[in-house]
Amino acid sequence: MENNKFEVTPYEVTGKVDYERLEKQFGIMPIDDALVERIEKLAGASNFMLRRRIFFAHRDLDWLLDEYEKGNKFYVYTGIAPSNQMTIAQLIPFTFAKWLQDRLDVEVYIQIPDEEKALARNIDFDTAHALGYAAALDIAALGFDSKKTKIFLDTEYAGVLYKQAVRVAKHITFSMVKDAFGFTNENNIGSIFYTSMQAVPAFLKSVEEGHNVPCLIPLGVDQDVHFRLSRDALAKLGYYKPAIIHSKFLPGLSGAPKMSAHNASDTIYLSDTPEVIEKKVMSALTGQQATAELQRKYGGDPEKCVVCQYYKFFFEPDDAKLKAIFDGERNGTLLAGEHKKDLAKRIIEFVENHNRMKEKIKDRLDDFMVRG
């Protein structure tokens, strides 16, 4: 039996991730067909990210849906701590949040902790702040409703967030943080406090409304640790524990388990030019044989093929068409060159449309931003 070693933390993902083992390790529940059907019935539409288990696990999602059916409407909270230009992989939770807003008419809170990467990486605060605003524009350009969306940078919304973060911090010890993140005495005290700031939007609407409001957090599964620490603290403060829905990782172009914003050659940024996108995609790892002749004869493995995974995660929402792509890879009728050229074309079209939307709304970004 192969000993598959992998590690998933908020700061690093290594090895081939076994998501079933990760569910047991993190204590999260798999999303089953019944739960998907329940969400789609309430939404009145199907969602390919749920059908394909790109969102694969959860905490208390069934409870959240119970509350919604009782008329206790929830809100969505998600966010990003940018350390570079935004990548296509980082759109996953925001794309799903927008779908929830469109289908269930929910408010969306988006936290951009511009201080976090300045504390955790070698990035100065001014750069982190500028990256935060660039991310805010990228997120708003997905088509969120400005009347039902609040985007905030931690350093600009600290007057609201900090008071609540202190309340959370009283219930999280240094020992808990060290155990959860593997911190040592050399970690700065800002990084140690950060989880308390990240917890605040999960109950902020309850503070604003003066009564408990359920919250759903779509996130990459590597970020779950923050809420493993803070959910009990929120309950001690008298608030609902947030429900969480966890996504898998879009791989890097080379087959790395998670696309990294710090490896330019392995990543597609929303700021990449068409020429750069095409060059990157044409170098992507496939699951095909070494030559066209061998591929036609033996076929390949779409599960190992990065190109197939990009279709699955984003660029082919039609299940029948996706099956044809996977079957073509598997039976040898689809060759790497045509495969990659088609994907590059789709990504270029997506990025160009996205950038046109950014240009259209850039003067209205303040409509989404809250400060205080």
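Residues numbered from 1 in each chain as written. Predicted model: local features only at pLDDT ≥ 70, side-chain atom pairs only at ≥ 80, totals over all residues. Heavy atoms only, no water.

Colleague: Account for the packing of aromatic side chains, naming residues and giving values.
Modeller: All told, the structure shown has 16 aromatic pairs when counted by the stated rule. Three or more aromatic residues joined by ring pairs form one cluster here, namely Y11, F181 and F183. The side chain of R228 reaches across the aromatic face of F26, ending 4.2 Å from its centre. The side chain of K248 reaches across the aromatic face of Y19, ending 5.3 Å from its centre. (Phe/Tyr/Trp six-rings, centres within 6.5 Å; stacked < 30°, edge-to-face > 60°. Lys NZ or Arg CZ within 6 Å of the ring centre and 35° of its normal.)

Colleague: I'd love a proper account of the nonpolar core, names of residues and values included.
Modeller: Core analysis: the largest hydrophobic core is formed by 75 residues, its most contacted members being I112, I139, F144, I151, Y310 and I347. Examining the composition of this core, we find that eight residues originate from one element, helix α15 (residues 306-315), more than from any other. Beyond its immediate stretch of four places on either side in the chain, F144 contacts F94, A97, K98, Q101, V108, I110, I139, T149 and F368. Of all hydrophobic cores here, the second largest spans 33 residues; its members include F152, I192, F227 and I244. (Core = buried A, V, L, I, M, F, W, Y, C linked by side-chain atoms within 4.5 Å. Buried < 20%, exposed > 50% of the residue type's maximum accessible area, 1.4 Å probe, protein only. Helix = DSSP H or I, 4+ residues; strand = E, 2+ residues; numbered from the N terminus. Contact = heavy atoms within 4.5 Å.)

Colleague: Which residues make up the packing of α15 against helix α16 (residues 319-331), and what are the values?
Modeller: At a minimum axis separation of 10 Å, α15 and α16 run at an interaxial angle of 170°. Taken as axis vectors, α15 and α16 run roughly antiparallel relative to one another. Listed contacts from α16 to C308, Q309, Y311 and K312 of α15 are L322, I325, F326 and E329. A per-class count over the contact of α15 with α16 returns five nonpolar, one polar and two charged. (Axes fitted to C-alpha atoms, helices over the stretch in contact; angles between N-to-C directions. Parallel < 35°, antiparallel > 145°, perpendicular 65-115°, else oblique. Nonpolar A, V, L, I, M, F, W, Y, C, P; charged D, E, K, R; others polar.)

Colleague: Got a sec to walk through the layout of surface pockets? Specific residues and values, please.
Modeller: Approximately 910 Å³ is the volume attributed to the largest pocket. Along its surface, the largest pocket is lined by 43 residues, and P10, Q90, D222, Q223 and K258 are the ones closest to its centre. Considering each element in turn, the lining of the largest pocket owes the most residues, four residues, to strand β8 (residues 215-220). The class makeup of the residues in the lining of the largest pocket is 22 nonpolar, 14 polar and seven charged. Considering the residues around the second largest pocket, the lining is formed by 21 residues, among which K16, V17, Y19, E303 and Q309 are closest to the centre. (1 Å grid on protein atoms, 1.4 Å probe; cavity = no way out; pocket = protein on both sides within 12 Å on 5 of 7 lines; lining within 4 Å. Points joined across faces, edges and corners; volume = space filled by probe spheres on them.)

Colleague: I'd like to hear about the environment of M49, residue by residue, with values.
Modeller: Locating M49 in the fold gives a position in helix α3 (residues 48-51). Take M49: its relative accessible area is 1%, and that puts it in the buried class. As a C-alpha pair, M49 and G143 span 94 residues in sequence and 18 Å in three-dimensional space. When sequence neighbours within four positions are dropped, the list of residues in contact with M49 reads I54, F55, I92, T95, F96, F313 and F314.

Colleague: Give me the pairing of strand β4 (residues 55-59): which residues, what numbers.
Modeller: Along a regular strand, successive side chains alternate from one face of the sheet to the other. Burial of β4 is extensive: five of the five residues sit out of reach of the surface. With two bridges connecting them, strand β3 (residues 29-30) and β4 associate as antiparallel partners. Looking at β4, one finds that P30 is bridged to A57. In this sheet, strand β9 (residues 243-247) lies alongside β4 in antiparallel orientation, the contact comprising four bridges. Residue pairing across strands places R59 opposite I244, the latter belonging to β9. (Pairing = 2+ DSSP bridges.)

Colleague: Describe the state of the cysteines, listing the residues and the values that go with them.
Modeller: Taken as a whole and judged by the stated rule, the model has zero disulfides. Free of any disulfide, C305 has its nearest neighbouring cysteine sulfur in C308, separated by 3.8 Å. A residue is classified by how much of its surface remains accessible, and C308, at 0% relative accessible area, is buried. (Disulfide = S-S within 2.5 Å.)

Colleague: Give me the side chain of K205: which residues, what numbers.
Modeller: Looking at where K205 falls in the secondary structure, it is placed in helix α11 (residues 204-209). With relative accessibility at 10%, the residue K205 sits in the buried group. Polar side-chain contacts of K205 include one of 2.6 Å to the side chain of E107. (Polar contact = N/O pair within 3.5 Å; in protein donor to acceptor, adjacent residues only side chain to side chain.)

Colleague: Outline helix α7 (residues 125-140), supporting the account with residue identities and numerical values.
Modeller: Between the first and last C-alpha of α7 there are 23 Å, a value that for 16 residues agrees with the 22 Å anticipated at 1.5 Å per step. Looking only at α7, the buried set comprises A128, L131, G132, A135, A136, L137, D138, I139 and A140. Packing partners of the buried residues in α7 comprise α5 (92-104), β6 (108-112), α6 (114-120), β7 (149-153) and α17 (336-361). Two or three places before D126, at the opening of α7, D124 has a side-chain oxygen 3.1 Å from that residue's backbone nitrogen. (Expected span 1.5 Å × (residues − 1).)

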